[in-house]
Amino acid sequence: QVQLVESGGGSVQPGGSLRLSCVASGSGFSRSVLGWYRQAPGKQRDMVANIGSNGGTNYGSAVKGRFTISRDNTKNTLYLQMNSLKPEDTAVYYCNAVVYDWLARRNDYWGQGTQVTVSS
């Protein structure tokens, strides 16, 4: 089992910055694909960014150039640096981990989410 806990959300003005953190417990963190997703009221959950075990990254088109995903395997922590925030970025942000167990079965784990609100 993997547990993920997000933090760092809050309210910020347009153009501001926030850094989200996700601390993981359990085994396999360094070998996992990690990601951030977000969901606004009435909308589907969308991929914001993900990062592989080798450090390779992918970003959703809406955030590319403004957000940076990173990981610290020593601390079992995933980060999302969010710059130049826009009102459209307002959502609950969720941490995700893809983990393969000892039978090579894929499991997806999710944190409880952290609210990000961008408004004047």
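Report follows, based on the coordinates. (Residues numbered from 1 in each chain as written. Predicted model: local features only at pLDDT ≥ 70, side-chain atom pairs only at ≥ 80, totals over all residues. Heavy atoms only, no water.)

What the protein chain contains, in helices and strands, is zero helices and 11 strands. Radius of gyration (C-alpha) of the protein chain: 14 Å, near the 14 Å computed for a compact globule of 120 residues. Seen through its principal axes, the protein chain has C-alpha atoms that stretch 50 × 25 × 25 Å. For the protein chain, long-range pairs separated by at least 24 residues make up 54% of all intrachain contacts whose partners lie at least 6 apart in sequence. Here the protein chain has roughly 6600 Å² of accessible surface; of this, 46% comes from carbon and sulfur atoms. (Helix = DSSP H or I, 4+ residues; strand = E, 2+ residues; numbered from the N terminus. Rg over C-alpha atoms; globule rule 2.2 N^0.38 Å. Contact = heavy atoms within 4.5 Å. Areas by Shrake-Rupley, 256 points an atom, 1.4 Å probe, with all protein chains shown as cover.)

What follows deals with the pairing of strand β4 (residues 33-39). Pairing analysis gives seven bridges linking β4 to strand β9 (residues 91-100), with the strands arranged antiparallel. For L34, the partnering residue across the bridge sits in β9 and is A97. Both β4 and strand β5 (residues 46-51) contribute to a ladder of five bridges, which runs antiparallel. Its bridge partner lying in β5, Y37 is registered against M47. Joining the antiparallel neighbours β4 and β5 is a turn of six residues, in which G42 adopts a positive phi near 75°. (Pairing = 2+ DSSP bridges.)

A few words on the environment of S27. Inspection of the secondary structure puts S27 in the loop between β3 (18-25) and β4. Those residues within four positions of S27 in sequence are excluded, and the remaining contacts are V2 and V99.

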